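Results of the structural survey
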Amino acid sequence: MSADNGVYIAKIPLVGGGAEYRVRHCQNIEELAVEYAWELYKKILEESGIVEYGVSSIEFDCPLPNWSRKEANKIIDKAWVLFQKERDIKDIIT
C-alpha cells in the first residue's frame, strides 16, 4: 500500500482581479481511501461545523501522466500561449 501525500494550493484568478485559493491535503492510500475520506470529513465538520460540498468521488478515464517537472512546464507554457492567442483573437473580433 502506498501513502504518498501532499498539501496542494490552487491559486485561481478572479475576473475582477485578485485571486482565490483552494488548499487540499491529498493522499494516495488505495483501498483505505473511502474510510479516510469520511474520517477527514468528520474531523473538518467537528472543527468548522460545516463541510460545504461534502465528500466527492472523482474518477478519471486514464492514468495520471508520468511527466517530469520540466516536461509539465513545457506543456503548461504551450497551453498558456494558446490561451493568450485565443483571448487576443476574441478581443480583436469583439
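Our structure's up above, just so we're on the same page.
What this report covers is the structure whose coordinates are included nearby.

What counts as what
- Residues numbered from 1 in each chain as written.
- Predicted model: local features only at pLDDT ≥ 70, side-chain atom pairs only at ≥ 80, totals over all residues.
- Heavy atoms only, no water.
- Helix = DSSP H or I, 4+ residues; strand = E, 2+ residues; numbered from the N terminus.
- Buried < 20%, exposed > 50% of the residue type's maximum accessible area, 1.4 Å probe, protein only.
- Contact = heavy atoms within 4.5 Å.
- Patch = residues over 30% accessible without salt bridge, like charges linked within 9 Å, V, L, I, M, F, W, Y side chains within 5 Å.
- Areas by Shrake-Rupley, 256 points an atom, 1.4 Å probe, with all protein chains shown as cover.
- Salt bridge = Lys/Arg side-chain N within 4 Å of Asp/Glu carboxyl O.
- Phe/Tyr/Trp six-rings, centres within 6.5 Å; stacked < 30°, edge-to-face > 60°.

The secondary structure content of the protein amounts to two helices and two strands. In sequence order, the secondary structure elements of the protein are arranged as β-β-α-α. Here the protein holds 94 residues, and 3% of them are scored as buried. Sequence separation of 24 or more characterises 21% of the internal contacts of the protein that already satisfy a separation of 6 or more.

Further remarks concern a nonpolar patch on the surface. Judged by side-chain polarity, Val-7, Ile-9, Tyr-21 and Val-23 come together as a nonpolar surface patch covering roughly 430 Å² of accessible area. Secondary structure elements with two or more residues in the nonpolar patch: β1 (4-13) and β2 (19-28). Here Tyr-21 shows up in strand β2.

Aromatic rings considered in pairs are described by the distance between their centres and by the relative angle of their planes. For the coordinates displayed, the defined rule picks out two aromatic pairs. Between Trp-38 and Tyr-41 the ring centres are 5.2 Å apart and the planes differ by 75°, which places this aromatic pair in the edge-to-face class. In this pair, Trp-38 and Tyr-41 both sit in helix α1 (residues 33-48), three residues apart, roughly one turn of the helix. Note on Tyr-41: relative accessible area 23%, which makes it partly exposed.

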